[in-house]
Amino acid sequence: MRRFTYVTANTVTDAVKTKATTPNAKYLGGGTNLVDLIRADIEHPDTLIDITRLPLADVEEISTGAVRIGALTRNSHAAAHPLIRTRYPVLTQAILAGASGQLRNMATVGGNLLQRTRCHYFYDTAAPCNKRSPGEGCAALNGGYTRNHAVLGTSRNCIATHPSDMAVALAALDAVVETESAEGNRRIPIEDFHKPPGETPYSETTLGENELITAIELPVLPPARNSRYRKVRDRSSYAFALVSVAAALETENGRITNARLALGGVGTHPWRARTAESVLKGAPATESTFREAAEAELSTATLLPDNAFKAPLAVRTITATLTSLT
Amino acid sequence: MTQTSIPTRTPQRVLGEPIDRVDGHVKTTGAAQYSGDHLYPDLAHAALVHATVPRARITHIDTTAADSLPGVHAVITHHNAPRLQPPPKPTLLNLPTLAAGTSVNYLNTDEVHWNGQPVAVVVADSLDIAREAAQRIRVTYEELPATVDFEQEEPNAVPQKNSALSDGGGKKGDAVAALKSADVSVDLRFSTPMQHHNAIEPHTTTAVWNGKALTVHDGTQHIDWTRRHLALRFKLPLNDVRVISTFVGGAFGGKTNVWAGTILAVVAAKVTGRPVKLALSREGVYRTTGGRTPSTQRVALGADADGQLTALIHTSVTQMGRVGGYAEQVVSQSRHLYDAENILVQQHQLTLDSIANGVMRAPGESIGSFALEAAMDELAHRLDLDPIELRMRNEPDRNPMDGKLFARRGLREAYARGAERFRWADRTPEPRSMRDGRWLVGTGVATAFHPAWVFPANVTMRLSADGDVLVRCGFHEMGMGAATAFTQVTAHALRVPLDSVRIEYGDSDLPIGPGAGGSAQTASVSRAILDAAAKLKKDLAALARRNNTSPDEAPATILSRAGRTHHEVAVGADRGIGRLAGQVRFMSTLLRERRKYVKAACGAQFCEVRVDSDTGEVRVTRWLGVFDIGTVVNAKTAASQLRGGIVMGIGAALGEETLVDGHTGRIVNANLAEYHVPVHADVPRIDIECLGDPDPTMPLGVLGAGEVGIVGVAGAIANAVHHATGLRVRDLPITLDKLL
Ligand SMILES: Cc1cc2nc3c(=O)[nH]c(=O)nc-3n(C[C@H](O)[C@H](O)[C@H](O)COP(=O)(O)OP(=O)(O)OC[C@H]3O[C@@H](n4cnc5c(N)ncnc54)[C@H](O)[C@@H]3O)c2cc1C
């Protein structure tokens, strides 16, 4: 493991300033992803700025009725918070479906949003990877194992799946990412936060180099009370999603008045299923509608022999999850 | 010392009792010293650099960035490594030659033979520094053509010839013709992937040179082989090598051979003159120790309309490395399980530019039984017969292949008992006929079978006048409860209280023990303990006679009347002509007995699974295993062994798969996040029952419990999945994509 300098920041201003003035530094949240990546010789920061002491570790309701989750809130704490459990059950379920109890106790919500792909080849420095080393090529696309890879949002350079469960729920909930940097504050809608790989798979988010995530804001969203996260994976627990579905549904007289749908395990970034949502809106809340919506969403999927099962699996999981919300 | 403690030690029934582990306390408190826990002053740490290509010559190694890191003591490559003797050619005439994991003389060659082979070792003050330095080393290769893809190479597999201890094939009658003319038949192809052992303790070695003498703390399943191998490679007199392996953090076959890490720890200690600890990373375990070979198998069964088997064909293809490996005994149980008129079994192997394949819990039977037992289930379905009934109709009285006697065979009883307890009769036989909400429910059975072995074991047994007994034997404690079991066997044999017995083990300074393999350690050491106890009693009787004491007096009394503080007996000789004679005796007994008997543990596995009707997720919800393992020495540790085997079988059935990139031969999921062993939530309550009757031909009646538990598990699950869904999955693991 490469050596690095470790410093702690006590205030947001302090953190942002240290980051801007220290070459090749990175913020350190729970470290559950970053430290692994340093060990694997993939990230090479010279300095780690520990931000876990910043006063950004709680969940609160703000005056607008929205709920703010501080960026340093531990995943376990966020999942267990009554505001989240009652108003956004899909988020609690998504967080609890990820990693393990020990990891969730360490992991922060800011770090969770920025966790990097689990693509085997990204993790193995012996394999070519466009995300790790721009222009090197892609071992997965060059006949490698692709069973875990994405089918939506892919490019000819990269088909790595975004691994976060939490971020899928956030996508369904229209969350907003709040940031701070020397240049000031920003509010980034979650859909604009993660980027598809395109020609630049190494550039994964719209976050600026020195920008600090300070909070995630969840808007007032009554349909979210009737919501669910369903994660399908290779064992009962402690595995990344093959397909996951975050869904919220509101119906009136058998018709869908409001539907929120996002997918994990299938996209190169947390996938808001806008196509499906437009099919759902105003349609009868029946299994056949749900299936039709799901199929519409997956119709643009780019399938490889190893991961082709993800399309029918996603259709079935979406249909079943929406049905369970009626 | 208080005198009063002795009278309270009243003999009790000890054999078979669920005695707590004698080492439970040290293990749960962390006091137990594993191979990486010996913190010598001045201890240095080593890390490996692995090749990133499958076959090549190293043209250049740039170590400058590593050399210059503060805290680095040595960067060892083939340029500066001490010259070692090459690994011996494996031969059955000299069993310890089988110890070599591969034929590669690490760091004594510029050749790369598999993707992951160690090509350099860094020794540093800390593990972190060693690993950082290892990452800074740049190796340049001249790549050579390599064969790494099992599937592509499959047509080039060659039939295995028969040898003294390993049969490649065999036949009775004309199975091919019988299959053609059978009333009902199935002819199926199965596959199983590469798997790795994933013991909790990654292979770890601490090596210390003391002048010319070498001490190695090594988590191994074979202390004697490791010691002899190291003596040979480093050109040392055997007496100058000591191997200590007090506790092993799980092994499952993965620590049977001497792999690169052990050798290179010793090299690193030699080069630096410091004690060196080399603990493989999890990735290092995947790259430098051999896993279970993948397999493809054909099972064809023919039967008459009543379900009497007329033809049984089982063939297999497995892989070996060009640098070593062995022929996996995939078809072995098919010689023993079913009374078919005509039988044909044949194994084939192909050779890849890969690391040698290794032995892993129930090598052969574990994967072979999946194919055979799934095929039996398919045949039962075709015949419209209950799968247990089909097995009972074909349960043989003698070994089907050659008419040898079964020393013992409790399969009928195991199935009868299991069916009752599992309430097998409650199932509706049609597939997809049982449901619980969105879950499709199914039940399945399969037969477990594992041959029983006895290996030579030397022990000393010493009785002191105060009644204490000390048994010394270099056997292995890898978590199975060996020391506990042998405390019980000794107490039983001498009729002394449990707490008067002390056992020393896990050290090459002790009399040579058997390897911990083939589920044979309990039977092997038990035999030596029984022999020693008989000797001891005889000596005591003679002593009593000589001193005019009644031989019925307490041993302590006999000793003190004779003016002796203790008396010690030895079984077996560790060296010289005695050792040779022992080996010859062992081989001839083995061959004689094998000509006469088939000895094996067996059992019936029952399970219930639920399959999500939307997503194909499989959950195992009930398990019962009824086993015939002969005498149960300790009800608790035996049940734990069997349960552990079943858990591992659930892993093999549903998740475990070592993925090897078809272009580079590199393992792509060399970690426990992506190699899916079962988590707690994947494992239901597992009920275990042992029939408990002794095998008359085995020491103490013990057949062995370490491996039979995994056998049949994948078959039972596949059969239950079919019952739940109507779908047959013939390729392990049964992941949900195969059930959509
Ligand atoms: C074995 C294993 C299994 C896992 N399984 C799952 C799973 O099933 N589902 C799932 O969703 N996740 C899973 N995870 C991933 C886990 O959720 C992430 O590792 C975790 O959420 C990261 O949070 P962290 O605080 O530890 O981030 P860190 O590792 O500290 O940081 C991650 C990145 O975010 C940056 N960063 C952190 N905080 C901020 C901030 N406030 N502002 C700007 N940048 C910041 C860091 O610089 C770094 O680049 C698993 C992880 C492991 C190790």
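Rules behind the numbers
Residues numbered from 1 in each chain as written. Chains lettered and ligands numbered in written order. Predicted model: local features only at pLDDT ≥ 70, side-chain atom pairs only at ≥ 80, totals over all residues. Heavy atoms only, no water. Helix = DSSP H or I, 4+ residues; strand = E, 2+ residues; numbered from the N terminus. Rg over C-alpha atoms; globule rule 2.2 N^0.38 Å. Buried < 20%, exposed > 50% of the residue type's maximum accessible area, 1.4 Å probe, protein only. Contact = heavy atoms within 4.5 Å. Areas by Shrake-Rupley, 256 points an atom, 1.4 Å probe, with all protein chains shown as cover. Lys, Arg positive; Asp, Glu negative; His and termini not counted. Charge placed at Lys NZ, Arg CZ, Asp CG, Glu CD. UniProt positions renumbered as here; feature names shortened; annotations may be inferred. Near = heavy atom within 4 Å. Polar contact = N/O pair within 3.5 Å; in protein donor to acceptor, adjacent residues only side chain to side chain. Nonpolar A, V, L, I, M, F, W, Y, C, P; charged D, E, K, R; others polar. Domains from an automatic or database assignment. Core = buried A, V, L, I, M, F, W, Y, C linked by side-chain atoms within 4.5 Å. Axes fitted to C-alpha atoms, helices over the stretch in contact; angles between N-to-C directions. Parallel < 35°, antiparallel > 145°, perpendicular 65-115°, else oblique. Left-handed = near helix turned anticlockwise from the far one by under 90°. Phe/Tyr/Trp six-rings, centres within 6.5 Å; stacked < 30°, edge-to-face > 60°. Lys NZ or Arg CZ within 6 Å of the ring centre and 35° of its normal. Buried area = accessible area lost by both parts, 1.4 Å probe. Salt bridge = Lys/Arg side-chain N within 4 Å of Asp/Glu carboxyl O.

You'll find chain B entered in an unreviewed UniProt entry as Xanthine dehydrogenase YagR molybdenum-binding subunit, with Actinophytocola algeriensis given as the organism.

Looking at an unreviewed UniProt entry, one finds chain A named Xanthine dehydrogenase YagS FAD-binding subunit, with Actinophytocola algeriensis as its source organism.

Brief notes about the overall build of chain A
Looking only at helices and strands, chain A features 13 helices and 12 strands. Relative to the compact-globule value of 20 Å for 326 residues, chain A shows a C-alpha radius of gyration of 19 Å, a close match. The principal-axis extents of the C-alpha atoms in chain A amount to approximately 60 × 55 × 35 Å. Counting over 326 residues, chain A shows a buried share of 57%. Taking as baseline every contact in chain A between residues at least 6 positions apart, the subset at least 24 positions apart corresponds to 63%. Counting only carbon and sulfur atoms, one obtains 50% of the accessible surface of chain A, whose full area is about 12700 Å². Distance between charge centroids for chain A: 4 Å, based on 35 positive and 32 negative side chains.

Things to note about unusual backbone geometry
Omega for the bond connecting Leu732(B) with Pro733(B) falls within 30 degrees of zero, at -10°, which places this linkage in the cis form. Tracing the backbone shows Pro733(B) in the segment after helix H17 (713-725). Its identity is not glycine, yet Asn253(A) carries a phi of approximately 50°, on the positive side. One can find Asn253(A) in the loop between strand E10 (243-252) and strand E11 (255-264). Owing to a relative accessible area of 79%, Asn253(A) belongs among the exposed residues under this scheme. A positive phi is found at Asp42(B), a non-glycine position, where the angle reads about 75°. Along the chain, Asp42(B) turns up in the loop between helix H1 (24-29) and strand E1 (44-50).

What about the UniProt feature "domain: FAD-binding PCMH-type" (unreviewed entry) in chain A?
The UniProt feature table records "domain: FAD-binding PCMH-type" (unreviewed entry) at residues 1-223 of chain A. Span residues 1-223 of chain A is 28% helix and 17% strand, its end C-alpha atoms 47 Å apart.

Remarks on the site of the ligand
Residue and element names in this part refer to chain A. Neighbouring residues of the ligand: 34 residues in total, closest Tyr27, Gly31, Thr32, Leu34 and Thr108. Here an oxygen atom of the ligand and a backbone polar atom of Gly30 are 2.7 Å apart. One of the backbone N or O atoms of Ile213 is found 2.9 Å from a nitrogen atom in the ligand. When the ligand is considered free in solution it has 970 Å² of accessible area, and contact with the protein chains removes 95% of it. Elements with a contribution of two residues or more to the shell around the ligand: strand E2 (25-28), helix H2 (34-39), helix H7 (109-114) and strand E8 (212-218). With four residues, the single largest contributor to the shell around the ligand is H7. Tallied by class, residues from the shell around the ligand come to 15 nonpolar, 13 polar and six charged. Residues lining the shell around the ligand come from more than one domain, with at least three contributed by each of domain 1 (5-52) and domain 2 (226-324).

Describing the nonpolar core
With 137 residues, the main nonpolar core has Met461(B), Val609(B), Trp623(B) and Ile717(B) as its most contacted residues. With 10 residues, the single largest contributor to this core is helix H13 (residues 521-546) of chain B. Both domains that meet at this core, namely domain 1 (24-32 + 454-595) and domain 2 (387-452 + 599-740) of chain B, each give it at least three residues. Setting aside residues up to four positions removed in sequence, Val609(B) forms contacts with Leu440(B), Val441(B), Gly442(B), Val618(B), Arg619(B), Val620(B), Thr621(B), Ile717(B), Ala720(B), Val721(B) and Ala724(B). Val16(A), Ala71(A), Ala79(A) and Met166(A) belong to the second largest nonpolar core, which has 50 residues in total.

Topic: the packing of helix H16 (residues 635-654) of chain B against H17(B)
Residue and element names in this part refer to chain B. Remark: H16 packs on H17, axes separated minimally by 8 Å, with the N-to-C direction vectors making an angle of 55°. Judged by the angle between their axes, H16 and H17 are oblique. Between H16 and H17 the crossing geometry is right-handed. Between H16 and H17, the residues in contact are Ile646, Gly649, Ile650, Ala653 and Leu654 and Val713, Ala714 and Ile717, respectively. Taken together, the residues of the contact of H16 with H17 sort by class into seven nonpolar, one polar and no charged.

Some thoughts on the UniProt feature "domain: Aldehyde oxidase/xanthine dehydrogenase a/b hammerhead" (unreviewed entry) in chain B
The UniProt feature table records "domain: Aldehyde oxidase/xanthine dehydrogenase a/b hammerhead" (unreviewed entry) at residues 29-145 of chain B. Secondary structure across residues 29-145 of chain B divides into 13% helix and 29% strand, with the first and last C-alpha atoms of the span separated by 52 Å.

Topic: the packing of aromatic side chains
Residue and element names in this part refer to chain B. What the rule picks out here adds up to 14 aromatic pairs over all chains. Consider the rings of Tyr415 and Phe606, whose centres lie 6.0 Å apart with planes at 65°: the pair is edge-to-face. In this pair, Tyr415 sits in helix H11 (residues 411-422) while Phe606 sits in strand E25 (residues 600-612), placing the two residues 191 residues apart along the sequence. Residue classification places Phe606 among the buried residues on the basis of a relative accessible area of 0%. The structure contains a cluster of three or more aromatic residues connected by ring pairs, namely Tyr34, Phe247, Phe475, Phe486 and Tyr505. A cation over an aromatic ring shows up here: Arg409 above the ring of Phe406, its NZ or CZ 4.4 Å from the ring centre.

With respect to the interface of chain B and chain A
Taken together, the contact pairs 37 residues of chain B with 34 residues of chain A. Regarding the contact of chain B and chain A, the summed buried area is about 2900 Å², with carbon and sulfur atoms giving 49% of it. Viewed at the interface, chain A and chain B are joined by six salt bridges. Applying the counting criterion to the chain B and chain A interface returns 13 residue pairs in polar contact (both at pLDDT 80 or more). The greatest single-element share of the side of chain B that touches chain A, amounting to five residues, is contributed by helix H3 (residues 127-136) of chain B. For the side of chain B that touches chain A, a count of residues per class yields 15 nonpolar, eight polar and 14 charged.

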